[in-house]
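As a plain string of letters, each chain reads:
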Amino acid sequence: MQRNKAATWAAMTLAACCCLLALIGPASAAKSQVIELDEANWDRMLTEEWLVEFYAPWCPACKNLAPIWDDLSTWSDDLSIKIAKVDVTTSPGLSGRFFVTALPTIFHVLNGEFRQYKGSRDLNTLMTFIEEKKWQALEPVSAWSKPDSLQMSLVSQFFKLSNFLKEVNVMLSKEYGLPPWGSYALFAVGTILLGAILGLILVCVIDFMFPPKSAQRKSFSEHKRSLNNEKETEDLKGDELEDEDENREETGGVQDEEEEADETSDGEKYSGSDSEEVPESERKKEDAEPEKPAKKEEAEEEEEVTKKKESAGSPDVRKRRTRKAD
């Protein structure tokens with residue numbers, strides 16, 4: 001009889017424990033008031049006061065913080081704050097938007113003003129941080145790095161793209177058996193093609209918005225030809241100036257010689273005594289002698305003029321300098 005009583009008491013005790021666990025289980029599950037945020041509803045934190053944790057399921061520190069975070073959420077109504085968490089593995093865009101570089105990362109948000117919490121992660125410290133409003137001593141996130149700004153939205157898109165490429169790499173290696181160097185080669189070719197396409201689109205847009213003038217449209221051969229023509233005309237101008245200087249020097253020398261010859265002839269005419277008379281035949285010879293070099297110089301000048309005309313008719317032919325007559 002005693003054995004039967006003991007067995008009955010044991011069965012009753014076990015049943016009571018099972019009932020107690022059944023009652024405590026739903027109560028403990030109902031304790032957690034943590035709000036799950038993702039890329040679809042993250043803008044809820046822009047209003048009211050929030051304490052948000054960024055975590056990953058594989059992170060050991062995040063696993064240690066999980067029960068504390070659940071306990072803190074039970075005090076959310078008393079503290080007038082909402083406790084939330086974001087899984088960065090399923091929402092990579094939010095990790096880029098908040099520029100999360102370590103896990104777990106905690107942000108305090110009040111009406112769109114963001115502050116990063118870097119204190120201890122025990123329950124009492126977190127509750128004191130909220131009750132005594134110690135978050136006021138923290139500097140808010142600067143305007144250029146605010147999660148709701150345009151530039152951080154672009155950063156979030158890059159994080160999404162990197163996560164997509166990572167998934168593609170895993171798919172190529174596991175499902176199709178592609179070696180790592182093969183996937184890297186595909187990514188390199190895709191990057192080059194994408195850059196070329198974007199560059200072409202950018203050039204077309206700039207050309208459409210700022211069209212060049214018709215006078216500015218010259219081919220490379222035409223531009224080179226115009227440069228050569230300009231160079232040739234400059235060379236011809238320089239040669240003509242040199243020829244003119246030489247002609248001036250030559251004509252000046254000839255004029256000096258003629259003046260000297262005239263002076264000598266006049267001196268010879270009126271020099272000597274009146275009794276000595278020069279015969280007429282010798283005078284004619286003296287008058288004819290200075291005319292010969294003058295005729296030669298006139299012929300040389302005519303030749304130079306004709307050569308200049310010929311060179312002006314054909315611009316490609318370079319002028320040659322005329323030599324002085326011996």
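As a reminder, the structure under discussion sits directly above these lines.
Residues numbered from 1 in each chain as written. Predicted model: local features only at pLDDT ≥ 70, side-chain atom pairs only at ≥ 80, totals over all residues. Heavy atoms only, no water.

Examining the pattern of salt bridges
Put simply, the rule reads: We count a salt bridge whenever a side-chain nitrogen from Lys or Arg sits within 4 Å of a carboxyl oxygen from Asp or Glu. Note on exposure labels: buried denotes an accessible area under 20% of the residue type's maximum, exposed denotes more than 50%, and partly exposed covers the range between, all computed with a 1.4 Å probe on protein chains only.
Evaluation of the coordinates by the stated rule reveals 5 salt bridges. Here E113 makes a salt bridge to R115, at a shortest N to O gap of 3.3 Å. Owing to a relative accessible area of 35%, E113 belongs among the partly exposed residues under this scheme.

A short note on the packing of aromatic side chains
Given two aromatic rings, their pairing is described by the distance between the two centres and the angle made by the two planes. Under the convention used in this document: Any two rings among Phe, Tyr and Trp, with Trp reduced to its six-membered ring, count as a pair given centres within 6.5 Å; such a pair is stacked if its planes are under 30 degrees apart, edge-to-face if over 60, and tilted if neither. Helical segments are the DSSP runs of H or I of at least four residues, strand segments are the runs of E of at least two, and each set is numbered from the N terminus.
What the rule picks out here adds up to 6 aromatic pairs. Centre to centre, the rings of F98 and F114 are 5.6 Å apart; their planes meet at 80°, and the pair counts as edge-to-face. Residue F98 is located in the loop between α4 (92–97) and β4 (105–110), and its partner F114 is located in strand β5 (residues 113–117); the two are separated by 16 residues in the primary sequence. F98 gets classed as buried once you look at its relative accessible area, which sits at 6%. An aromatic cluster of three or more residues is present, and its members are W42, F54, F98, F107 and F114.

Brief notes about helix α2 (residues 60–73)
Note the following rule: A helix is expected to reach a length of 1.5 Å times the quantity of its residues less one. Note that the bend at a residue is defined as the angle between axes fitted to the seven residues ending at it and the seven residues starting at it.
Between its first and last C-alpha, α2 extends 20 Å over 14 residues, near the 20 Å set by a 1.5 Å rise per residue. The largest bend in α2 comes to about 35°, at A66, with the proline P67 one to four residues further on. Among the residues making up α2, those that are buried are C62, L65, W69, L72 and S73.

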